[in-house]
Structures are given as C-alpha cells and as structure tokens.
Amino acid sequence: MTKTVHFTTLGCKVNQYDTQAMLEQFEKHGYAVAQNSNAADVYVVNTCTVTGTGDKKSLQLIRRCRRRNPQAELIVAGCLAQRMGDKLRETGARLIIGTQHRAQVVELLEKAIAENTQIVAVDDVEGVPYEMLSIHNHEGHTRAVMKIQEGCDNHCTYCIIPSVRGTIRSRPIDAIREEAQALAVAGFQELVLTGIHLTSYGRDLEGRPSLAEAVKAACVEGITRVRLGSLEPRVANEAFVEELSKLPQICPQFHLALQSGSDAVLRRMKRGYNTTQFLAAAERIRKAWPNAAFTTDVIVGFPGETEEEFEETLAFSQTIGFARMHVFPFSPRETTPAAEMPDQISENVKAERVKRLIALGDELAKAYHESFIGKTVPVLLEENHPEGGMVGYTPEYIHVSVPSGTPGTVVSVRLTAISGEGMTGEIAE
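Residues numbered from 1 in each chain as written. Predicted model: local features only at pLDDT ≥ 70, side-chain atom pairs only at ≥ 80, totals over all residues. Heavy atoms only, no water.

J.: Just to check I follow, could you spell out the environment of Met146 for this structure?
T.: Relative to the assigned elements, Met146 resides in strand β7 (residues 143-150). Apart from residues no more than four positions distant in its own chain, Met146 is found in contact with Tyr17, Ile176, Glu179, Ala180, Leu183, Leu191, Val192, Leu193 and Thr194. (Helix = DSSP H or I, 4+ residues; strand = E, 2+ residues; numbered from the N terminus. Contact = heavy atoms within 4.5 Å.)

Okay, here's the thing in structure tokens:
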C-alpha cells in the first residue's frame, strides 16, 4: 500500500518553497499526498518563529497532528525547529529538521524509523552553503514560488531570523535559469522570486551578480509574469528600476518592507534606511510603472514608540498610498536587542494602534482598487470561484472574479466593482 504524507506550512513564501521541495522528495520515494488530513502516515509541520504568534501556532499544529493520528510519524521542520532543536523531542516527533538537510528529509525519517529513535538534524547555520533544493510543481497550475536567496546579515534589533536562517547565500544565476525553464515546461506562467533577504542577492557569489540579473535569468520563454518578493527600498536605485522596466514579464507589484514610518523608530530598529529614501524608491518605481501596487509590512508598538511616532507612520503610509498593508504588533523575541529595550509598549496600546493602522490600510486599499474601476486589464485566471465563475490576478496582484473562463489563460477584463478585498469584472470583447 502506498504511504501518504500531509504537510502543514506556516509563515513566509520561503517556507512554502521549502515545503514543496520536501514534498517532491517524498513523491520521489513513492509517497502520495494524503487526501484526508486525518489519515496520513506521515505529518510534516513546517514551522515559523518570526513572532511569538508564529511559535504558538506552530506548537498548536504540532499537537493537532499528533492527536489526529497518534500512530503516524511526525516531522517538525523549519525555523522553530532550528531555534528549539532538542527541546522539541517532547512532541514525540520522529524527525526534527531545521533550515538545512531538507533534501535528505525522507532518508533521515527512514533512518530514524529503522533505528527506532528520534533524529534532531539541526546544525549551526553560520557559513553553510546554499542548499540546492528544487521544485517542479506548486500550488495550483499557474503560479510557482522560486527561492533564489537564503539567510540575512542585517541583524535588525527585533529580528530572530538571522539566527535560524544564517548568513546570506544566493542561488547561482544558471541554477535560477534552469529551474525557471523546468517550471515553464511544467506549465507555470508566473514565478514569484523569494528569499529571506532578496535585497542581498548575489553578494556572496563570485562576480557579485545583481538582483536584476537574477530576475532576468528567471524571465525565460514560457514564463509570462515574474513577481518579486519582499524588498528593501535601497535596492530600488535608478539602475535597478531601469533594468527591470525593460522586462515585459515584471509585475508592477512591489513589496517594500517599511516596518515604521518614523525615522526615529527605524533607527532603533537598525533598518538601514529612512523615510526619505523609502519615498524616493517608491517615486522611482512609480515613474516606471504609474499604476504600481505597493504592499508592505509594518510593526506597531516597537519599544519606545510614542503616539507622535505612531502618527508619523499613519501619515507616511498615506503619503505612499499602499495597496495592501500587513500590520503586526511588536513581538519581543528572546536574544534580540529589542526585547531588552526600555519603554516596552503595553499590549492594550499595541492593540489599539494595530486597529487604527489596519483601518487606514483598508481605506488605502479601497482607494487603490477604486482607481481601477472601468479599466481593462490582463487577468491570469487561476481557479474556479466557490460561487461560480473564475478567479485570477492582475499584474498588480488585484484579485479578480469573472463569470467564466479557463484556468491558466490570460484574459482582458474590464473591472466593474470592488468586492471584498478584490474586484469583479467582465471579459472584454
């Protein structure tokens, strides 16, 4: 009988990529994806530890998988596994695997089973080479995530990620091109290029290729859209914007991680840029793509954040006109400088500020969507809508519902109205 595996993934797009790479390793060894999550032979939880909430959700899911089928084998993988290591033995996991050795996940599991033991495959991530994982399938049939960079050297005062993901490592240009070609052959039309710190791409490689060169390498025949993951404003200099503007596949949706609209808070965070530089980057991008969508992450309630500093974030967010904002309350992480800073903000104040910033984000998103009403735009159809018709995305990552269509096709759609967090439209003749 064919053994089955069930994956649960938390956190970022990098984790989504790592999950798909591990899943394909299981498929190579004859496993099938479990159709019923209550009846899998192996459960894999790919964890997140970027916030306290990530830790909590990861541990809850680990316990839930154990309850679903106590006889099944359990693998705990990813950032929380990297951080906690041996402490996760108490979960009963057969294999605890950090942010390396994912290509050996099946061999390590089978070794642990054969020896009737637990294996903790968690090594020091400092100075390790780039782990050459690869994928040939992904969620749905139109868009695939491709990881091209790993690790971060920034050490922002609030962030635990360098300690669990290690220093920067980059995927070589030729390997990016090869995987893009394989995904194009597999039928994908859109690639999302992701990494832990994409802005650092290439610094560790011979010749120091730029991120723009990596993006060009992904623009192979058959790939009609290339979308970038999270960036910092310093990467969006004139040369970068000019190079990308020559590539017709580039999606004009840019995730520029703001974190705070107050220069004083940005200095305490050690972000390495200020709001003037952020605004200049946005203006360069808008000059090349006038309708560009800017999405972002913002941390609310960083230690010492005054009401005035928070209001600077509100004002600056309005100045940029974000199309979507991901708002997080500050979460102190053990061993980070921010956890020890004075003037920690109370949970009540954080919650109130989060609510206000989310409300502004909703207003800005509505205004951005309204600017598209009546416009005809290309929509890459992805899947059936639960209530009938099809859904897909514009290059700006606007979620669009249409009455009919075929998955994997690009259709011209006249956008007619806002619907929830997306829009509805009619197929243009």
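Continuing now.
J.: I would appreciate a short explanation of the sheet that holds strand β13 (residues 324-329) in the present structure.
T.: Pairing between the strands of a sheet comes from backbone hydrogen bonds, and it takes one of two forms, parallel or antiparallel. Spatially, 3 strands are ordered β11-β12-β13 in an open sheet, and the strand pairing comes out parallel. Since the sheet does not close on itself, it has two edges, and those belong to β11 (253-255) and β13, each with one partner. Between one strand and the next, the sheet's axes are offset by a mean angle of 15°, whatever the strand orientation. Bridge analysis of β11 against strand β12 (residues 293-300) gives 3 bridges, and the strand direction is parallel. (Pairing = 2+ DSSP bridges. Axes fitted to C-alpha atoms, helices over the stretch in contact; angles between N-to-C directions.)

J.: Explanation requested: helix α11 (residues 307-320) in the structure shown.
T.: Since one α-helical turn is 3.6 residues long, residues separated by three or four positions face the same way. With 14 residues, α11 ought to run about 20 Å at 1.5 Å a step, and its terminal C-alpha atoms sit 20 Å apart, in line with that. For α11, the complete set of buried residues consists of Glu309, Phe310, Thr313, Leu314, Phe316, Ser317 and Ile320. Those residues of α11 that are buried lie in contact with α9 (263-269), α10 (275-288), β12, β13 and α12 (347-370). Backbone geometry just after α11 places Gly321 at a positive phi near 75°. (Expected span 1.5 Å × (residues − 1). Buried < 20%, exposed > 50% of the residue type's maximum accessible area, 1.4 Å probe, protein only.)

J.: What exactly am I supposed to notice about the nonpolar core here?
T.: Judged by nonpolar contacts, the single largest core of 73 residues is most densely connected at Leu211 and Phe254. No other element matches the 6 residues that helix α7 (residues 211-218) contributes to this core. In this structure, Leu211 is in contact with Ile148, Leu198, Tyr201, Leu231, Val235 and Phe240, ignoring residues within four places of it in sequence. If you look at the next biggest cluster of nonpolar residues, it comprises 19 residues, including Leu23, Ala77, Leu95 and Leu109. (Core = buried A, V, L, I, M, F, W, Y, C linked by side-chain atoms within 4.5 Å.)

J.: Honestly, the side chain of Gln253 in this entry has me stumped. Any pointers?
T.: Of note, Gln253 is situated in strand β11. For Gln253, a relative accessible area of 9% translates into the label buried. Reaching out from Gln253, the side chain makes a polar contact with the side chain of Arg227 at a distance of 3.0 Å. In this structure the side chain of Gln253 is engaged in a polar contact, spanning 3.3 Å, whose partner is the side chain of Thr295. (Polar contact = N/O pair within 3.5 Å; in protein donor to acceptor, adjacent residues only side chain to side chain.)

J.: Can you help me understand the side chain of Thr49 in this one?
T.: In this fold, Thr49 is placed in the loop between β3 (42-47) and α2 (52-68). You can call Thr49 buried: its relative accessible area is 0%. Here Arg83 takes part through its side chain, which lies 2.9 Å from a polar atom of the side chain of Thr49. Setting aside chain neighbours within four positions, we find Thr49 in contact with Asp55, Cys79, Leu80, Arg83, Ile160, Val164 and Arg333.

J.: Sorry if this is basic, but what is going on with the pairing of strand β14 (residues 376-384) here?
T.: In summary, the side chains of a regular strand alternate between the two faces of the sheet. Sheet analysis places β14 next to strand β17 (residues 410-419), joined by 5 bridges and oriented antiparallel. Considered in β17, the bridge of Thr376 is made with Arg414. Turn length for the β14-strand β15 (residues 390-393) hairpin, with the two strands adjacent in sequence and antiparallel, is 5 residues, and the turn residue Gly388 shows positive phi of about 105°.

J.: It is not clear to me how the pairing of β7 should be interpreted in this structure. Could you clarify?
T.: For β7, the tally of buried residues reaches 8 of 8 residues, placing the bulk of the element in the interior. In the sheet, β7 pairs with strand β9 (residues 190-195) via 6 bridges, with the strands oriented parallel. The residue bridging Val145 from the neighbouring strand is Val192, located in β9. In the sheet, β7 pairs with strand β8 (residues 169-170) via 2 bridges, with the strands oriented antiparallel. Following the sheet pairing, Gln149 is matched in β8 by Ser170.

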